Amino acid sequence: TSARAARSNSMDDEALKSPPSLARGDARVVTLNASVDGVEPALVVTTHAGSQYAFNVPEGFARLALECKIRPTGKLRAVFAADDSAASLGGLTGLILRLSADGHERLAVVGPSGTSAQVEGARKCTWWVHPEVDGVELCANSKRCGGIGCYADNAVTVWPLFLEDTCECLVCEWENHRRQTATTSDEEEDVNEGGHIGGEQSEGVEDDKMASPSSRVKMTSTDNTKTACVGYVCEVKEFDDAPGVRIAIIHVKSMDLIARLDQNPTLNCFASKDLHSLDAMFHCSPTDVADAPGYKSWLESVDCEHFFCRAQNELGFRASARMSLRLNTVDAESFPIPRAFGDSDAKQRMSDKFTSLGLCACVHIRKNTVAKCEVDHVVFRPDDVDPDAVLNELATKHPELAAAAQASLTRIHRKETVDLEENGDAETSQAVASNLKSRLMRGLIGRKKQKIENDTEVIFLGTGSAEPNKYRGSSGILTELPRSVAAKTSKTWMMLDCGEGTVGSIQRMFGCTTMKRIVKNLKVVWISHHHADHMLGVRGLLEVHARVCNAPLTLVGPRVLEEWLHTCGVSQNLYHFVHSRDLFAGPFGRLPPPPPPTKLQSVSRSPLPPPPPLDEGNQRHSIFDQSNASAKSMESRLMQLCGLSRFEAVAVEHCRDAAALVVGSPSGWSLAYSGDCRPSRGFARAAKGCALMIHEATFDNELSDHAVRKRHSTTAEALQIAADAGVKHIVLTHFSQRYPKAIYLDEVKIKPIIAFDGFRLRYSQLERVQNLQHIITMVNGVSSSNVDKI
């Protein structure tokens with residue numbers, strides 16, 4: 001406990017040493033958001049006593065807070081969410097794990113109906129001892145439900161803003177309650193002074209009606225469809241119950257809610273100007289909503305300072321962006337410049353009624369001054385990504401790369417950023433085939449066509465392990481599926497694992513429009529096991545997929561994945577779940593134990609031979625298995641969905657239901673993916689002869705004891721599996737945060753390819769990229785003097 005307290009105190013000191021101190025009743029509001037990286041706005045409010053409160057914890061919150069050096073301290077008391085979506089609470093599990101590492105003791109997660117389910121969902125996919133996390137649900141018309149509908153502790157009072165709340169203004173109710181409490185206390189003092197013993201008890205707020213960190217309150221609204229939560233009002237306490245500064249956090253998610261803003265009695269009180277006052281209002285609403293005439297008209301009725309909390313076209317994960325710039329000098333095709341650099345000059349249209357806050361702005365709100373709000377864009381803001389400075393430093397340290405660095409700068413200035421080639425590939429191939437038709441034999445044309453079909457690409461979105469760092473995000477790999485050359489079809493994709501922020505990684509690389517196209521064309525998402533860093537991004541992915549596609553998304557993974565989604569309240573209409581265990585090939589996978597030996601069966605206990613690829617007419621399942629027909633049907637449907645001839649799961653040693661995957665197509669394309677595991681001979685047998693293996697390498701060879709204890713693989717073990725499988729190429733990924741950038745390898749028999757976030761790997765380029773590894777290692781050893789240090 002003392003060690004945890006020491007760590008918490010050191011975090012507190014680090015977080016508060018730069019900004020000016022706060023007077024009683026004052027507050028500091030720090031905004032965190034990065035639209036380029038798909039991180040929705042979040043606010044961290046700090047009081048004069050150091051107590052902290054977070055409003056929204058979207059996907060990517062913990063990593064962005066680490067990047068900006070404002071990770072919440074040991075005094076974070078509560079998290080508030082406007083709804084239970086991934087945009088509001090998708091980063092909750094990641095935040096809890098970071099707080100657990102810091103020895104945090106207790107946290108309240110407050111929001112509308114469904115908030116408690118997100119807390120229970122976090123417990124489904126991860127495990128922690130501290131902090132103790134309480135789910136607290138508020139609702140509209142709370143007075144009728146037996147509660148007062150707010151969160152309060154000794155530092156703040158926070159009221160939710162529900163539309164069509166038919167009760168009185170919550171701030172008015174609270175002030176009346178304070179006056180009644182004060183009057184009752186005075187009367188009790190008078191009675192006690194008169195010699196009476198005891199007396200009538202004060203009608204203070206009862207514990208079971210108070211949404212405090214020490215209780216789990218669940219108030220259920222009778223009609224959630226008409227009571228959308230559009231934000232919160234937060235009042236800082238100066239001392240006891242005396243009010244300090246008062247702010248509002250507004251998050252109107254859609255245009256149809258604008259007309260209903262005046263139906264909230266609390267907001268109406270602030271608009272009347274003579275009942276209550278606000279010191280500042282922070283707008284997290286989407287840009288198109290905030291720019292709507294009706295929204296502007298409404299905010300003009302509230303007399304206070306207004307801040308817009310969405311930083312348009314600003315990179316959040318800047319350490320990773322600098323790495324991408326350096327690697328682009330080695331191979332512009334495999335390490336393309338993210339789309340974010342090309343859009344950096346775009347300007348957002350915004351009303352002059354707002355003060356726009358950047359990536360990580362700090363607003364100091366004072367109670368007893370004429371100038372209420374002071375904005376600081378410098379204190380917490382990370383250093384900008386200056387391509388000229390990054391690449392000039394690289395050229396200075398490695399003059400042999402000067403020409404390549406200049407070429408990268410030219411591409412940036414010309415806005416030659418990464419994009420996806422769609423129908424152009426197929427059309428070009430058709431034209432080539434047409435020109436050759438009169439001169440080449442039919443068999444030669446067929447071989448050319450097969451070669452083009454197999455030249456798919458693999459995009460590494462996240463290559464870190466359990467706790468991502470500034471350079472490597474959570475696991476996520478986007479794999480292009482083989483497609484027919486003759487058909488003019490868009491690229492289709494398969495996702496291999498989907499950690500927190502995976503959709504944001506696609507958006508950072510390709511932009512929002514292309515990200516939606518990729519998600520729409522996803523055929524299947526494979527989740528190797530139930531650990532948080534491999535599946536927390538599924539909820540956000542499903543939300544985007546539901547907006548761009550009418551059909552459900554196919555998810556293949558462990559049973560816990562399905563249970564987690566159900567616990568979180570995700571509609572089953574959004575996905576079709578397939579248990580990965582149903583795709584195991586061996587007798588201890590989907591098949592039941594074998595029947596007793598008969599004269600027709602061998603009693604040998606020798607291991608079964610490796611299963612062959614799934615060719616047409618191949619019957620490799622026991623005729624005694626009555627469930628085989630449905631399992632085979634499921635497997636066939638998956639292969640048909642993806643255009644594959646093989647879709648096989650392999651049980652591996654890591655956690656319950658952990659599985660590796662081997663897939664292949666009729667044209668000869670193949671891929672083997674290990675997920676997280678100890679070295680597996682079964683996986684090596686199943687992957688025999690695959691063109692590409694992707695294997696985890698969490699630890700280097702010196703930490704083999706760590707690998708055994710945590711059921712991971714070392715680099716040497718991963719390379720040995722590749723040798724046993726006889727694969728042509730192996731890519732190593734899923735690195736511990738001990739190895740954020742360069743991965744150094746001793747003499748090895750098989751030369752691996754090291755994966756990085758944003759790495760695009762074409763099958764036709766495997767040999768060339770493999771031969772570039774020594775240059776990549778050299779380039780990643782270059783760090784700016786300050787900004788790239790961990």
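Residues numbered from 1 in each chain as written. Predicted model: local features only at pLDDT ≥ 70, side-chain atom pairs only at ≥ 80, totals over all residues. Heavy atoms only, no water.

**Regarding the packing of aromatic side chains**
Applying the stated criterion to the full structure yields 13 aromatic pairs. Where Phe335 meets Phe756, the ring centres are 6.3 Å apart and the plane angle is 65°; that geometry is what we call edge-to-face. Placement of the pair is Phe335 in the loop between helix H10 (318-328) and helix H11 (339-342) and Phe756 in the loop between strand E27 (753-754) and strand E28 (759-762), with a sequence separation of 421 residues. The same class applies to Phe335 and to Phe756, which are both buried. (Phe/Tyr/Trp six-rings, centres within 6.5 Å; stacked < 30°, edge-to-face > 60°. Helix = DSSP H or I, 4+ residues; strand = E, 2+ residues; numbered from the N terminus. Buried < 20%, exposed > 50% of the residue type's maximum accessible area, 1.4 Å probe, protein only.)

**A short note on unusual backbone geometry**
The omega torsion of the bond from His130 to Pro131 falls at 0°, within 30 degrees of zero and hence cis. The residue Pro131 is located in the loop between helix H5 (115-125) and strand E6 (132-137) in this model. Even without being a glycine, Asp657 presents a positive backbone phi close to 70°. You can see Asp657 is positioned in the loop between strand E22 (646-651) and strand E23 (659-664). Here Asp657 falls in the buried class, since its relative accessible area comes to 12%. Although it is not a glycine, Arg711 sits at a positive phi angle of roughly 60°. Within the secondary structure, Arg711 sits in the loop between helix H23 (704-710) and helix H24 (715-725). On the accessibility criterion, Arg711 (41% relative accessible area) is partly exposed.

**Observations concerning the sheet that holds strand E20 (residues 553-557)**
Taking strand neighbours across the sheet as the criterion, the 7 strands line up as E21-E20-E19-E18-E17-E16-E28 in an open arrangement whose pairing is mixed. Strand pairing shows two members of the sheet lacking a second neighbour, strand E21 (575-579) and E28, which therefore form its edges. Adjacent strand axes in the sheet meet at a mean angle of 20° when their direction is disregarded. On the sheet, helix H16 (residues 502-510) packs against strand E16 (457-462), strand E17 (476-480), strand E18 (493-498) and E28 and is oriented at approximately 115° with respect to E16. Across the sheet, helix H19 (residues 538-548) lies against E18, strand E19 (522-526), E20 and E21, angled at about 165° from E20, the strand it touches most. (Pairing = 2+ DSSP bridges. Axes fitted to C-alpha atoms, helices over the stretch in contact; angles between N-to-C directions. Contact = heavy atoms within 4.5 Å.)

**Overview of the sheet that holds strand E7 (residues 151-152)**
Pairing within the open sheet is mixed, and its 7 strands lie in the order E7-E8-E9-E10-E11-E12-E13. At either end of the open sheet lies a strand with only one pairing partner, and these are E7 and strand E13 (355-356). Where strand E8 (residues 156-162) and strand E9 (residues 229-239) come together, 6 bridges link them in antiparallel fashion. Within E9, the residue paired with Val156 across the bridge is Val236. Across the face of the sheet, helix H9 (residues 293-300) comes into contact with strand E10 (242-250), strand E11 (280-283) and strand E12 (305-308) while running at roughly 165° to E11.

**Quick word on the side chain of Ser736**
Of note, Ser736 is situated in the loop between strand E26 (729-733) and E27. The contacts of Ser736, once residues within four sequence positions are left out, are Ser465, Thr698 and Phe699.

**What to know about empty space enclosed by the protein**
Per the stated rule, a full pass over the model turns up 7 cavities of 30 Å³ or more. What the largest cavity holds in volume is close to 130 Å³. If you trace the largest cavity, you find 13 residues lining it, with Ser324, Arg508, Met509, Asp757 and Gly758 closest to the centre. Elements represented by at least two residues in the lining of the largest cavity include exactly H10, E16 and H16. (1 Å grid on protein atoms, 1.4 Å probe; cavity = no way out; pocket = protein on both sides within 12 Å on 5 of 7 lines; lining within 4 Å. Points joined across faces, edges and corners; volume = space filled by probe spheres on them.)

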